[in-house]
Amino acid sequence: MDYLLTEEQIMIRDLARQIAVEKIVPVRAELDEQNKFPRDIMKSIAQADLYALFIPEAYGGLGKKSLELCIVVEELSKACLGVATTYASSALGTYPILLYGSEEQKKKFLPDVASGKSLVAFGLTEANAGSDASGIQTTAKLEGNEYVLNGTKQWITNGGEAELYTIIAITDKSKGPRGASAFIVEKGTPGFTFGKKENKMGIRASSTTELIFNNCRIPKENLISKQGMGFIIAMKTLDSSRTGVGAMGVGVAQGAIDESISFAKNRVQFGQPITSFQAIQHMFADMQTQTEAARALVYSVARFIDSGAKDFSRASAMAKLFGTDVSMKVTTDAVQIMGGSGYMKEYPAEKMMRDAKILQIFEGANQIQRNVIALDMVREATRAK
């Protein structure tokens, strides 16, 4: 389908596609097998100004919006979801500063993000605060001109590799979720260390670690917005990023289709390519239809966000939900079409299937997305009475 992309958007897409084909595809199996962080690829992405994409021009960026970010993430995800996750998570970690940071914070931190000098991570999840983000136990106590952080964040993408971390911590336990605040913490700050690198089922190219704060002192100027805004900042950040997760689902689904149809054209059974069999044809038809529907929804929601919409929680939840459910279905079908070969690491389909699963889990499990969508529908119906 023609999504009426501008010449500039097509150029951005083609640039991301070139990096995916030339830099990512040749090493994706190695990155997966070795659980290896793609530092060289991140440098190539930075040199192509793709980290500058989502940063305003005033801070050294290109000033693009959600649709352009989705286009890049989709192309990277076709090649390797682990690499795409590393890139997209830097945008996720930057959103709190973009949305709520002070002018001083933006001037100090965003230029290095735009240049690729600073990779970013978002620290929300804890052992007891996954889907229930209100269960945060990491604390931040103001002492003089510094906040002192104590606690542990779990399963943080880009952990240990990022230079900047946006952290949600409790500043007033008596207020529950309204007692949370958001902070910027720089790598190398005394009292800030990392746990072991997790050995994951998929997206193994991305780094996932614990963040450990032990009397970690940061300047009070590193508070984002004001005390008590942490939960709102976290939710608005996720609203802004979830469309990108849907785009990741579209990308890995399309990558799996491309791999499986290439295989099927050359796989001969009963004297003919398996693409001649109606059962296989119908699977491909469903896979591509579902993926195109997911792409249409993701692009539509991205354009809705870029239009200046104030409330897009339901729309972004739908894009994330549908795009990632499609990715799991399509990658599973790709492995099925390829049969025993699809199950082997010699072919990328099995990696794509393993990778796709996380999309239904992180940045809000898909069951939570269904809650968000349904509750918003109920509220709208109630207001209409």
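Here the structure, examined in full by the defined rule, presents 2 cavities of 30 Å³ or more. Each pocket or cavity is described by its volume, and for the largest cavity that value is around 120 Å³. Contributing to the lining of the largest cavity are 15 residues, with L69, Y95, S241, G244 and V245 lying nearest its centre. Of the residues assigned to the lining of the largest cavity, the class counts are 9 nonpolar, 5 polar and 1 charged. Counting the residues that make up the lining of the largest cavity, at least three belong to each of domain 1 (7-119) and domain 3 (231-384). Here the second largest cavity defines a volume of roughly 40 Å³. R28, S77, K78, A79, C80, L81, V252, P348, K351, M352 and D355 together form the lining of the second largest cavity. Within the residue set of the lining of the second largest cavity, elements represented by two or more residues are α4 (66-79) and α10 (349-357). Across the lining of the second largest cavity, the residue classes break down as 6 nonpolar, 1 polar and 4 charged. The two domains that each donate at least three residues to the lining of the second largest cavity are domain 1 (7-119) and domain 3 (231-384).

Our focus in this paragraph is the domain arrangement of the chain. Reports often express the size of an interface as the amount of accessible area lost when the parts come together. Per the domain assignment, the segments making up the chain are domain 1 (7-119), domain 2 (121-230) and domain 3 (231-384). The C-alpha centroid of domain 3 is placed 29 Å from the C-alpha centroid of domain 2. Carbon and sulfur atoms supply 75% of the area that domain 2 and domain 3 bury against each other, a total of about 1,200 Å² over both sides. Summed over the three residues of domain 2 that lose the most area to domain 3, namely M201, I203 and M229, the buried surface amounts to 38% of that side. Between the two partners, domain 2 and domain 3, sit 0 salt bridges. Scanning the region where domain 2 abuts domain 3 turns up 8 residue pairs in polar contact (both at pLDDT 80 or more).

Below, the discussion takes up the side chain of K78. Tracing the sequence through the fold places K78 in helix α4. A distance of 3.2 Å separates the side chain of K78 from the side chain of E75, its partner in a polar contact. Discounting chain neighbours no more than four positions away, the residues touching K78 are R17, R28, G251, V252, Q254, G255 and M352.

Attention shifts here to the nonpolar core. One finds I45, L50, F54, V83, Y87 and L149 to be the most contacted residues of the largest nonpolar core, which totals 113 residues. In terms of residue count, helix α7 (residues 230-266) provides more of this core than any other element does, 12 residues in total. If sequence neighbours within four positions are ignored, L50 has contacts with I12, L15, A16, I19, I45, V72 and Y87.

We now examine the packing of aromatic side chains. Inspection of every chain in the model, using the stated rule, returns 10 aromatic pairs. Taking the centre distance of 5.0 Å and the plane angle of 85° together, the rings of Y165 and F192 count as edge-to-face. Here F192 lies in strand β6 (residues 192-197) and Y165 lies in strand β4 (residues 164-170), a separation of 27 residues in the sequence. Of the aromatic side chains, those joined through ring pairs into one cluster are Y165, F192, F194 and F213.

Structurally, S115 can be placed in helix α6 (residues 103-115). For S115, a relative accessible area of 42% corresponds to the partly exposed category. C-alpha of S115 to C-alpha of A52: the two residues are 63 residues apart in sequence and 6.3 Å apart in space.

A few words on the layout of surface pockets. Computed from the structure, the largest pocket encloses a volume of approximately 1,300 Å³. Together, 45 residues line the largest pocket, and T125, I361, F362, E363 and G364 are the ones closest to its centre. Of all the secondary structure elements, the ones that give two or more residues to the lining of the largest pocket are α5 (81-100), β1 (120-123), β3 (146-157), α7, α10 and α11 (366-384). By residue number, the principal contributor to the lining of the largest pocket is α7, which donates 7 residues. Among the residues making up the lining of the largest pocket, the classes are represented as 20 nonpolar, 12 polar and 13 charged. When residues of the lining of the largest pocket are sorted by domain, at least three fall in each of domain 2 (121-230) and domain 3 (231-384). For the second largest pocket, the calculated volume is near 500 Å³. For the second largest pocket, the lining is made up of 18 residues, of which K65, Y95, L99, I305 and D306 are closest to its centre. Elements with a minimum of two residues in the lining of the second largest pocket: α4, α5 and α8 (278-306).

Definitions and limits used
Residues numbered from 1 in each chain as written. Predicted model: local features only at pLDDT ≥ 70, side-chain atom pairs only at ≥ 80, totals over all residues. Heavy atoms only, no water. 1 Å grid on protein atoms, 1.4 Å probe; cavity = no way out; pocket = protein on both sides within 12 Å on 5 of 7 lines; lining within 4 Å. Points joined across faces, edges and corners; volume = space filled by probe spheres on them. Nonpolar A, V, L, I, M, F, W, Y, C, P; charged D, E, K, R; others polar. Domains from an automatic or database assignment. Helix = DSSP H or I, 4+ residues; strand = E, 2+ residues; numbered from the N terminus. Buried area = accessible area lost by both parts, 1.4 Å probe. Salt bridge = Lys/Arg side-chain N within 4 Å of Asp/Glu carboxyl O. Polar contact = N/O pair within 3.5 Å; in protein donor to acceptor, adjacent residues only side chain to side chain. Contact = heavy atoms within 4.5 Å. Core = buried A, V, L, I, M, F, W, Y, C linked by side-chain atoms within 4.5 Å. Buried < 20%, exposed > 50% of the residue type's maximum accessible area, 1.4 Å probe, protein only. Phe/Tyr/Trp six-rings, centres within 6.5 Å; stacked < 30°, edge-to-face > 60°.

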